[in-house]
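This is what each chain is made of:
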Amino acid sequence: MWAASGAGRWGAYSRAVTPTLALSHGGPVPQLGLGTWPMDDDEAARVIPLAVECGWRLVDTAAKYGNERGVGRGIRACGLPRAELFVTTKLDGGYQGDGKAVQGLDSCLDRLGLDYVDLLLIHWPQPWRDRYVDTWRTFERLLEDGRTRAIGVSNFKPAHLDRLVSETGTVPAVNQIQLSPYTPRRESRVANQRHGVVTQSWSPLGRGSDLLREPAVAAIADELGTTPGQVVLRWHVQQGLAAVPKSSDRTRLRQNLDVFGFELSPTQLARLDTLDRGESAAVDSDTSGH
């Protein structure tokens, strides 16, 4: 069974305490999860058992990533009971409208080798198609029939989220968006909070490695005796965000989860705020591959 937020250990396999966040439905969701983009099947199958051994209990994938079969192999190999692992997948534009998400989720479950996922996301709103509201209504049906325990969105801007809630009355459990000190997405976070939606960060360590080489990040890491990556992930969790960093290295998997035993001071948070590059630094279309 899922542990209460911030309490207990995730079974015999866990070496870390992972706080959770309450969702509007489904959940609770671990505050940190393993991102799998751009892993291929073989890498995903290898890394997931390592991640579980280190204490990770959320695995994030997508139909578009092309690695769901490997994710499924990794889940089966890790030895963890299914009920103790939170699995997220996403459906991209090819599954929007006309009930296509039903077949889309069936295909995802087949590739994953699972009976259900814990969270299903609309990968991108693609507003020029004007099908995301219709797709969301299909998601509501999938939630009702139990093939997903929660439904949410990814890369939705405040206007997209407002329209979805206004026209359907069903609030997404999660909005997964590109978010880091480089792209703090304050407006989106406020909109998510207004609706009671958990904000989950993809590319939480920044796209590429420039963020981890920033002098401000390195200086704070020296002050705290941590790694730059731990500083940035602490920035996320200390503000109540969830995040799905990707790593395939055992040492970094352990380090990335070890961010709940220290805090950033108000001064350190303010220094990280100076790294904001604005919305122009963010990816705003699904051509990025994520």
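About the thresholds
Residues numbered from 1 in each chain as written. Predicted model: local features only at pLDDT ≥ 70, side-chain atom pairs only at ≥ 80, totals over all residues. Heavy atoms only, no water. 1 Å grid on protein atoms, 1.4 Å probe; cavity = no way out; pocket = protein on both sides within 12 Å on 5 of 7 lines; lining within 4 Å. Points joined across faces, edges and corners; volume = space filled by probe spheres on them. Helix = DSSP H or I, 4+ residues; strand = E, 2+ residues; numbered from the N terminus. Nonpolar A, V, L, I, M, F, W, Y, C, P; charged D, E, K, R; others polar. Salt bridge = Lys/Arg side-chain N within 4 Å of Asp/Glu carboxyl O. Buried < 20%, exposed > 50% of the residue type's maximum accessible area, 1.4 Å probe, protein only. Contact = heavy atoms within 4.5 Å. Axes fitted to C-alpha atoms, helices over the stretch in contact; angles between N-to-C directions. Parallel < 35°, antiparallel > 145°, perpendicular 65-115°, else oblique. Core = buried A, V, L, I, M, F, W, Y, C linked by side-chain atoms within 4.5 Å. Pairing = 2+ DSSP bridges. Polar contact = N/O pair within 3.5 Å; in protein donor to acceptor, adjacent residues only side chain to side chain.

## Structural notes on the layout of surface pockets
- Put simply, the largest pocket is a space of about 490 Å³.
- Looking at the largest pocket, it is lined by 26 residues, and the ones nearest its centre are Leu205, Gly206, Pro245, Lys246 and Ser247.
- Looking at the lining of the largest pocket, the element that brings in the most residues is helix 9 (residues 250-257), giving 3 residues.
- Of the residues in the lining of the largest pocket, the class split is 9 nonpolar, 13 polar and 4 charged.

## Thoughts on the pattern of salt bridges
- Scanning the entire structure with this criterion turns up 18 salt bridges.
- Asp145 is the partner of Arg147 in a salt bridge, and the nearest nitrogen-oxygen pair spans 2.7 Å.
- Under the relative-accessibility criterion, Arg147 is labelled partly exposed at 21%.
- Assessed through its relative accessible area of 40%, Asp145 is described here as partly exposed.

## Looking at helix 2 (residues 68-77)
- Taken residue by residue, helix 2 has Glu68, Gly70, Val71, Gly72, Gly74 and Ile75 as its buried positions.
- In the core, the buried residues of helix 2 are packed alongside helix 1 (41-54), strand 4 (58-60), strand 5 (86-91) and helix 3 (100-112).
- Trailing helix 2 by a residue or two, Gly79 shows a phi angle of about 80 degrees, which is positive.

## Focus on the packing of helix 7 (residues 215-224) against helix 8 (residues 228-238)
- Close contact between helix 7 and helix 8 brings their axes to 8 Å; oriented N to C, the two are set at 100 degrees. Between helix 7 and helix 8, the angle falls in the class roughly perpendicular. Only Pro228, Val231 and Val232 of helix 8 make contact with helix 7, whose side of the interface consists of Val217, Ile220 and Ala221.
- Its residues assigned to classes, the contact of helix 7 with helix 8 shows 6 nonpolar, no polar and no charged.

## Quick word on unusual backbone geometry
- A cis amide bond links Gly27 with the next residue in sequence, Pro28, at an omega value of 0 degrees.
- Positionally, Pro28 belongs in the loop between strand 1 (20-21) and strand 2 (29-30).
- Following Trp37, the chain continues into Pro38 via a peptide bond in cis, with omega recorded as 5 degrees.
- Here Pro38 is to be found in the loop between strand 3 (34-35) and helix 1.
- The backbone phi angle of Asp98 is positive, close to 55 degrees, even though this residue is not glycine.

## Focus: the nonpolar core
- Counting 61 residues, the largest nonpolar core has Leu32, Leu34, Trp56, Phe139, Leu253 and Leu272 as its most contacted members.
- The biggest single contributor to this core is helix 1, with 7 residues.
- In this structure Phe139 touches Leu91, Ala101, Leu120, Leu121, Ile122, Ile151 and Gly152, once residues within four positions along its chain are discounted.
- Core analysis: the next-biggest nonpolar cluster, separate from the first, contains 15 residues, Leu23, Val29, Leu58 and Ala242 among them.

## Here's the deal with the sheet that holds strand 7 (residues 151-154)
- Taken in spatial order, the 8 strands make up an open sheet running 3-4-5-6-7-8-9-10, and their pairing is parallel. Pairing within the sheet leaves two strands with one partner each, and these edge strands are strand 3 and strand 10 (242-243).
- Strand direction decides the pairing type here: strand 9 (residues 198-202) and strand 10, joined by 2 bridges, are parallel. From the neighbouring strand, Ser201 faces strand 10, where its bridge partner is Ala243.

## Quick look at the side chain of Thr36
- Counting through the fold element by element, Thr36 comes out in the loop between strand 3 and helix 1.
- Of the polar contacts made by the side chain of Thr36, one reaches the backbone oxygen of Asp60; its length is 2.7 Å.
- The contacts of Thr36, once residues within four sequence positions are left out, are Val59, Asp60, Thr61, Tyr65, Asn67 and Val71.

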